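# Inside the fold
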Amino acid sequence: DQQVKQNSPSLSVQEGRISILNCDYTNSMFDYFLWYKKYPAEGPTFLISISSIKDKNEDGRFTVFLNKSAKHLSLHIVPSQPGDSAVYFCAALGFGNEKLTFGTGTRLTIIP
Amino acid sequence: EPEVTQTPSHQVTQMGQEVILRCVPISNHLYFYWYRQILGQKVEFLVSFYNNEISEKSEIFDDQFSVERPDGSNFTLKIRSTKLEDSAMYFCASSEWRNQPQHFGDGTRLSIL
């Protein structure tokens, strides 16, 4: 099941710079997208979401961009902080569904 | 901040035994979910529950699985006769409504021997 793909398994970014995490999806029925952050031995923590009727949503240091025609979304973190080091999951919901479909995750490491 | 709590954090069980995983969802949430993550694989949806019944389930959620809300606060996942391949992290989640962010607990690591 490759409906949600995160092609970069890992990413390293200098503290204070921008982190950009990418996600692609194939199912046109997805209409709500979420980013989660996960530390070891903890559950996924909700970060930010975006509905398919929007192309951008911002919350503090986190911004999610959605390009529906490309079936692509990205998460921008500015400025990156050491506490942002974690695994980030992209997830998608289809209209009328309750099942979240997750990507494989990207491990973000912030270098002090 | 309200959170989803799961117990136990780690469960070790012999193959063929029944196991019950417990969750306390966030109190004003109406939708409840179970997911699992086998080591090295994606987080996979198992089941969603609303208004005291299953509202959606995956093909993984076969007859050996069941869910229950036995009282006003707990939400349980029962695996009737465990298999080696049931070894995984099991996450409970809840949301206020459909198409709202799902909030996850820290998971129960289930190890089948």
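Above this note sits the structure.
Predicted, not measured: the structure shown is a model, and the values here were computed from it. (Residues numbered from 1 in each chain as written. Chains lettered and ligands numbered in written order. Predicted model: local features only at pLDDT ≥ 70, side-chain atom pairs only at ≥ 80, totals over all residues. Heavy atoms only, no water.)

### Describing the environment of Val87 of chain A
Residues and elements named next belong to chain A.
- Within the secondary structure, Val87 sits in strand β9 (residues 86-94).
- Once the C-alpha coordinates of Val87 and Tyr36 are considered, the two residues, 51 residues apart in sequence, prove to be 8.3 Å apart.
- Not counting residues within four places of it along the chain, the set of residues in contact with Val87 comprises Tyr36, Lys37, Lys38, Gly105, Thr106 and Arg107. (Helix = DSSP H or I, 4+ residues; strand = E, 2+ residues; numbered from the N terminus. Contact = heavy atoms within 4.5 Å.)

### Overview of the side chain of Gln6 of chain A
Residue and element names in this part refer to chain A.
- Relative to the elements of secondary structure, Gln6 occurs in the loop between β1 (4-5) and β2 (10-14).
- Here the side chain of Gln6 touches Tyr88 through a polar contact of 3.0 Å, landing on its backbone oxygen.
- Looking at Gln6, its side chain comes within polar contact range of the main-chain nitrogen of Gly105, at 3.0 Å.
- If we skip the residues at most four places from it in the chain, Gln6 touches Asn22, Cys23, Trp35, Tyr88, Phe89, Cys90, Gly103, Thr104, Gly105 and Thr106. (Polar contact = N/O pair within 3.5 Å; in protein donor to acceptor, adjacent residues only side chain to side chain.)

### As for the sheet that holds strand β3 (residues 19-25) of chain A
Residues and elements named next belong to chain A.
- The strand order across the open sheet formed by five strands is β1-β3-β8-β7-β6, and the pairing between neighbours is antiparallel. Sheet topology places β1 and β6 (56-59) at the edges, where each strand pairs with a single neighbour.
- Two elements, β3 and strand β8 (residues 72-77), share six bridges in a ladder whose sense is antiparallel. Paired with Cys23 across the two strands is Leu73, which belongs to β8. (Pairing = 2+ DSSP bridges.)

### Let's talk about the packing of aromatic side chains
- The full count for this structure, using the stated rule, is 20 aromatic pairs over all chains.
- Their ring planes at 90° and their centres at 5.4 Å tell us that Tyr36 of chain A and Phe104 of chain B sit as a pair that is edge-to-face. Note that Tyr36 of chain A is positioned in strand β4 (residues 30-38) and Phe104 of chain B in strand β10 (residues 103-104), a pairing that runs across two chains.
- Accessibility expressed as a relative area gives 0% for Tyr36 of chain A, which makes it buried.
- Owing to a relative accessible area of 10%, Phe104 of chain B belongs among the buried residues under this scheme.
- Their ring planes at 85° and their centres at 6.2 Å tell us that Phe89 of chain A and Phe102 of chain A sit as a pair that is edge-to-face. Placement of the pair is Phe89 of chain A in strand β9 and Phe102 of chain A in strand β10 (residues 101-102), with a sequence separation of 13 residues. Across this residue pair, the class does not change: Phe89 of chain A and Phe102 of chain A are buried. (Phe/Tyr/Trp six-rings, centres within 6.5 Å; stacked < 30°, edge-to-face > 60°. Buried < 20%, exposed > 50% of the residue type's maximum accessible area, 1.4 Å probe, protein only.)

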